[in-house]
Amino acid sequence: ILEAEKQASRARIDAHLEAGFDGLNHNEPKAAVASFDSALAMQPKSVEAISGKALALGRLGDYEGCLRFIDREGAGVTHDRVLRTMKTIALRNMGREGEAADIEKAAKGPVSGTVDHFLAGLTLMNDALARREPPGPGFRKAYDHFMRAALMAPDARKIYHLQLAHAADHLNDAEAAEL
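Residues numbered from 1 in each chain as written. Predicted model: local features only at pLDDT ≥ 70, side-chain atom pairs only at ≥ 80, totals over all residues. Heavy atoms only, no water.

The next thing to look at is the overall build of the protein chain. Looking only at helices and strands, the protein chain has ten helices and zero strands in total. Tracing the protein chain from N to C terminus, the helices and strands come up as α-α-α-α-α-α-α-α-α-α. A globule of 179 residues ought to have a C-alpha radius of gyration of about 16 Å, and the protein chain, at 16 Å, matches this closely. Over its C-alpha atoms, taken along the principal directions, the protein chain stretches across nearly 50 × 40 × 30 Å. Relative to its 179 residues, the protein chain shows a buried fraction of 46%. (Helix = DSSP H or I, 4+ residues; strand = E, 2+ residues; numbered from the N terminus. Rg over C-alpha atoms; globule rule 2.2 N^0.38 Å. Buried < 20%, exposed > 50% of the residue type's maximum accessible area, 1.4 Å probe, protein only.)

Following this line, the structure appears as structure tokens:
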């Protein structure tokens, strides 16, 4: 019974996460924040929910709120490299280049693991979209991270494949977008 309850709880958390990332994908950041908040209520240190909410706050243009949220909720999270990258983007959007450069230096190093690659791709793609970047390096790097996430996960979330196709679409790569 305990195992069945754990699986049911995990399924509810996953549903909130999927809804949050779907909200980001459909440019509905308020709905995404609500979904990530629901996931966080069930699993307070979920790196996917913390990262997703930070991205949604950034998409809303609430960079100060994004920074406060990451500082408050991201402490002790194992995937802090991605959160530091999100902080640099928020700081740059606020015109605080010096602080962003300092944090960026600390965020260097390889990205490893399925979740890290997915979140790195999502962060890069959201930044490229926010800056209305034409197809180029930002989308290419995002595509590469999504591809790694999809290939590394034995049972990849459908959102990994959706974001991979989304990045491919921005690269005008019709063949990859159909995957």
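Tracing the chain through its elements places Lys87 in helix α5 (residues 80-93). Of note is the side chain of Lys87, whose polar atom sits 2.5 Å from the side chain of Asp71. (Polar contact = N/O pair within 3.5 Å; in protein donor to acceptor, adjacent residues only side chain to side chain.)

Using the criterion set out here, one finds four aromatic pairs in the structure. Centre to centre, the rings of Phe21 and Phe36 are 5.0 Å apart; their planes meet at 70°, and the pair counts as edge-to-face. Of the two residues, Phe21 is situated in helix α1 (residues 2-25) and Phe36 in helix α2 (residues 29-42); the sequence distance between them amounts to 15 residues. Consider the rings of Phe118 and Phe146, whose centres lie 5.9 Å apart with planes at 50°: the pair is tilted. Here the residue Phe118 occupies a position in helix α7 (residues 114-130), and Phe146 occupies one in helix α8 (residues 137-152), the gap between them amounting to 28 residues. Phe146 matches Phe118 in its accessibility class, with the two residues each being buried. Through successive ring pairs, a cluster of aromatic residues spans Phe21, Phe36, Phe118, Phe146 and Tyr160. (Phe/Tyr/Trp six-rings, centres within 6.5 Å; stacked < 30°, edge-to-face > 60°.)

Bringing the nonpolar core into the picture now. Within the largest apolar cluster, 44 residues are counted, with the highest numbers of intra-cluster contacts made by Phe21, Leu24, Phe118 and Phe146. In terms of residues, this core owes the most to one element, helix α3 (residues 47-59), which gives seven residues. Residues contacting Phe21, with those up to four places away along its chain left out, are Phe36, Glu48, Gly52, Phe118, Leu119, Leu122, Ile159 and Gln163. (Core = buried A, V, L, I, M, F, W, Y, C linked by side-chain atoms within 4.5 Å. Contact = heavy atoms within 4.5 Å.)

What follows deals with the confidence of the model for the protein chain. Residues with a pLDDT of 70 or more make up 92% of the protein chain, whose mean pLDDT is 84. Per-element mean pLDDT across the protein chain ranges from 46 in helix α10 (residues 174-177) up to 96 in α2. (pLDDT = per-residue confidence, 0-100.)

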